[in-house]
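Here is what each chain is made of, one letter per residue.
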Amino acid sequence: MIRAENIFKDFSGQVVLSDVSCSFEAGKANLIIGRSGAGKTVFLKILIGLLKPTSGKVWFGDTSLFDLDKQQLRELRMQIGMLFQGSALFDSMTVEDNIRFPLDMFSKMTRGEKSKRVDYCLERVNLAGNNKKYPSELSGGMQKRVGIARAIVLKPSYLFCDEPNSGLDPKTAILIDELIYSITQDDQIITIINTHDMNSVMEIGDHIFLLHEGRLAWTGSKGEVLTSTNETLESFIFASPFLQRLKRMYAKSVHTI
Amino acid sequence: MTKLLYHFGRYVLWLGQAFRKPERMGMYWKETLRQMNNIGIGSLIIIGVISVFIGAVTAVQFAYQMEGSIIPRYYVGYVVRDMTIIELAPTFSCMLLAGKVGSNLATELGGMRQKEHIDAMEIMGVNTAAYLVQPKLIAALVVVPMLVCIGAFISIIGGYTAVVPTGWFSHGEYIQGLRSFFEPYNVWMMFVKAFVFAFILTTVSCYQGYFVKGGSIELGDASTRAVVFSNILILLSDYIIAMIMTS
């Protein structure tokens, strides 16, 4: 389990996160949602230790993230996979080299074992046979899938995804969601997804955390989203008149039944 | 002043991080070879071109200065040789490399920072300062002295081609000058300068790129700062080395 305890963060006096506490469970898709500027990315960067909070703690099991020395932090990070918003694939490397990079850096596998592992990860994200392509030759969705393959190549215990669906068409976005969800369930890892994609919320949102103006405004599951009366949640999820109408129709149908 | 101290402190701490033991030697070795090719082979032609002109201009200027004087004519070869070895080859070449290689390094690392490549490596557990700086530094420390040495040699040939075929001096005079008053210590000084300048241009440029924040304008600024600060520090250290090694 990953726990965030009373996280505060400010940049030169401007408060970005204020007293955020929550915990994330294994085998479930934990979604952090919120409007742009709500502090999602900062929170995610704090959770993985790329940013230090002004105060507060992050626990990975019984380990306090910010009490680790550099070597211990590096060891912990080897258990973390991360999918970046822009995929962050190394342009000068092929797909295969990108995925193999963490193996080359940290594993003691033989060359053959590494190749097998890379092929397995590529198959897992439905990109078998694309080993020799460069990131520039791939579509946005394919780049995201390579990013996922690289994130899981070291068999991580924790998977972090920053806006995995941004810039993708709805169908590809659903495929990416399904892929992340199946990896989470099959490998029983702790997955934390930073998103403002409503499809993701309603499809894979096992545990949802709504950040609003730097505070945790609501937590619940995808089933509770439709029935919640939390105003901040409603104004965020059902922002358009179309979705508001849809919610009223849903409430009516539930009431009729 | 506070800003200067802040950057100096951060630079020193960052260097400490960059000199940590590599996670996997093989990966660093591969990257070092790539950088040697980039810095060395990629800069050979430009170093050759400027070196020819450095030698040629030195020879022509000296010939002009000594006209009507009682200075022995063969001194032209001696002056070109020593000017080139002691000062012009290491300083000019490294200032040029600060422009070519330094801006390239700052832009490469800055681009990696902006595209979150450095964050991605950090998350994997890679010591990014070490992985991104050590191979470049080792490559520069090996290749830059070689380039400077080649540059000095070409400069001397450049001086010859400027004044001998044109008839200002005879072949014998130039060669006699080259063979006169040779001090091996000067070559040692050239290599010391080349090492120090290589260290400065690589680390300063990498530092500027590594900590880039913002967008393309900031990346451009970082690249400019890399060149300007490298050149200033090269000239400053040139003066310090000259003071120490010639006193």
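What counts as what
- Residues numbered from 1 in each chain as written.
- Chains lettered and ligands numbered in written order.
- Predicted model: local features only at pLDDT ≥ 70, side-chain atom pairs only at ≥ 80, totals over all residues.
- Heavy atoms only, no water.
- Helix = DSSP H or I, 4+ residues; strand = E, 2+ residues; numbered from the N terminus.
- Buried < 20%, exposed > 50% of the residue type's maximum accessible area, 1.4 Å probe, protein only.
- Contact = heavy atoms within 4.5 Å.
- Buried area = accessible area lost by both parts, 1.4 Å probe.
- Salt bridge = Lys/Arg side-chain N within 4 Å of Asp/Glu carboxyl O.
- Polar contact = N/O pair within 3.5 Å; in protein donor to acceptor, adjacent residues only side chain to side chain.
- Nonpolar A, V, L, I, M, F, W, Y, C, P; charged D, E, K, R; others polar.
- Disulfide = S-S within 2.5 Å.
- Pairing = 2+ DSSP bridges.
- Axes fitted to C-alpha atoms, helices over the stretch in contact; angles between N-to-C directions.
- Lys, Arg positive; Asp, Glu negative; His and termini not counted.

**Q** Help me get a handle on the overall build of chain B, residues and values and all.
**A** A count of helical and extended segments in chain B gives eight helices and zero strands. Taken from the N to the C terminus, the helices and strands of chain B come in the order α-α-α-α-α-α-α-α. The proportion of buried residues among the 247 residues of chain B is 51%. A separation of at least 24 residues holds for 87% of the contacts in chain B among residues at least 6 apart in sequence.

**Q** So what about the interface of chain A and chain B? Which residues, and what values?
**A** On the side of chain B, 19 residues touch chain A, which itself brings 24 residues to the contact. Summing both sides of the interface, chain A and chain B together bury roughly 2100 Å²; the carbon and sulfur share of this comes to 62%. Where chain A meets chain B, there are two salt bridges. Our count for the contact surface shared by chain A and chain B stands at five residue pairs in polar contact (both at pLDDT 80 or more). Element by element, the count of residues in the side of chain A that touches chain B is highest for helix α3 (residues 95-106) of chain A, at five residues. Tallied by class, the residues present in the side of chain A that touches chain B amount to 13 nonpolar, three polar and eight charged.

**Q** Can you tell me about the state of the cysteines, naming the residues and giving the values?
**A** This model, assessed by the stated rule, comprises zero disulfides over all chains. In this structure Cys22 of chain A is a free cysteine whose sulfur lies 16 Å from that of Cys161 of chain A, the closest cysteine sulfur available. The class for Cys22 of chain A is buried, based on a relative accessible area of 9%. Here Cys149 of chain B is not cross-linked by a disulfide; its sulfur's nearest cysteine counterpart is in Cys94 of chain B, at 12 Å. A residue is classified by how much of its surface remains accessible, and Cys149 of chain B, at 35% relative accessible area, is partly exposed.

**Q** Outline the environment of Asp10 of chain A, supporting the account with residue identities and numerical values.
**A** All names here are of chain A. With respect to the helices, strands and loops of the structure, Asp10 is situated in strand β1 (residues 2-11). Measuring from C-alpha to C-alpha, the distance between Asp10 and Gly27 comes to 32 Å, with 17 residues separating the pair along the chain. Excluding residues that lie within four positions of it along the chain, Asp10 makes contacts with Val15, Val16 and Thr54. A polar atom in the side chain of Asp10 sits 2.9 Å from the backbone nitrogen of Gly13.

**Q** How would you sum up the sheet that holds strand β3 (residues 29-33) of chain A? Please name residues and give values.
**A** All names here are of chain A. Judged by pairing direction, the sheet is mixed, and its six strands sit side by side in the order β6-β7-β8-β3-β9-β10 without closing on themselves. In this open sheet, the two edge strands, each paired with only one partner strand, are β6 (80-83) and β10 (215-220). The average angle at which neighbouring strand axes cross in this sheet is 15 degrees, direction not considered. Helix α6 (residues 170-187) contacts β3, β6, β7 (158-162) and β8 (190-194) of the sheet and is inclined by roughly 155 degrees relative to β8.

**Q** Got a sec to walk through the pattern of salt bridges? Specific residues and values, please.
**A** For the structure on display, the rule yields 20 salt bridges over all chains. A salt bridge links Glu122 of chain B to Arg77 of chain A, with the shortest nitrogen-to-oxygen separation between them at 3.2 Å. Taken as a pair, Glu122 of chain B in helix α4 (residues 117-124) and Arg77 of chain A in helix α2 (residues 70-77) lie in two separate chains rather than in one. Judged by its relative accessible area of 17%, Glu122 of chain B is buried. Put simply, Asp119 of chain B and Arg113 of chain B hold a salt bridge, and the shortest N to O gap is 3.4 Å. With a relative accessible area of 11%, Asp119 of chain B lands in the buried category. Here Arg113 of chain B falls in the partly exposed class, since its relative accessible area comes to 21%. Connected via shared salt-bridge partners are Glu96, Asp97, Arg100, Asp104, Lys114 and Lys132 of chain A.

**Q** Give me the pairing of β6 of chain A: which residues, what numbers.
**A** All names here are of chain A. Of the two faces of β6, the one holding Ile80 and Met82 and the one holding Gly81 and Leu83 are both buried throughout. Strand direction decides the pairing type here: β6 and β7, joined by four bridges, are parallel. Bridge pairing in β7 places Ile80 opposite Tyr158.

**Q** Can you break down the side chain of Arg145 of chain A residue by residue, with the values?
**A** Residues and elements named next belong to chain A. By secondary structure assignment, the location of Arg145 is in helix α5 (residues 140-152). Buried within the structure, Arg145 lacks any salt-bridge partner; Asp169 is the closest side chain of opposite charge, at an N-O distance of 9.1 Å. Ignoring anything within four residues of it in the chain, the contact list for Arg145 reads Val125, Asn126, Leu127, Ile176 and Leu179.

**Q** Which residues make up unusual backbone geometry, and what values go with them?
**A** The backbone of Asn6 of chain A shows a phi angle near 45 degrees, a positive value even though the residue is not glycine. Residue placement: Asn6 of chain A occurs in strand β1.

**Q** Tell me about the pairing of strand β4 (residues 55-60) of chain A, and name the residues and values.
**A** Residues and elements named next belong to chain A. Note that β1 and β4 share five bridges and pair antiparallel. Looking at β4, one finds that Arg3 is bridged to Trp59. Pairing analysis gives two bridges linking β4 to strand β5 (residues 63-64), with the strands arranged antiparallel. By the bridge assignment, Trp59 is partnered in β5 with Ser64. Following β4, the chain reverses through two residues before pairing antiparallel with β5; Gly61 in that reversal takes a positive phi of roughly 65 degrees.

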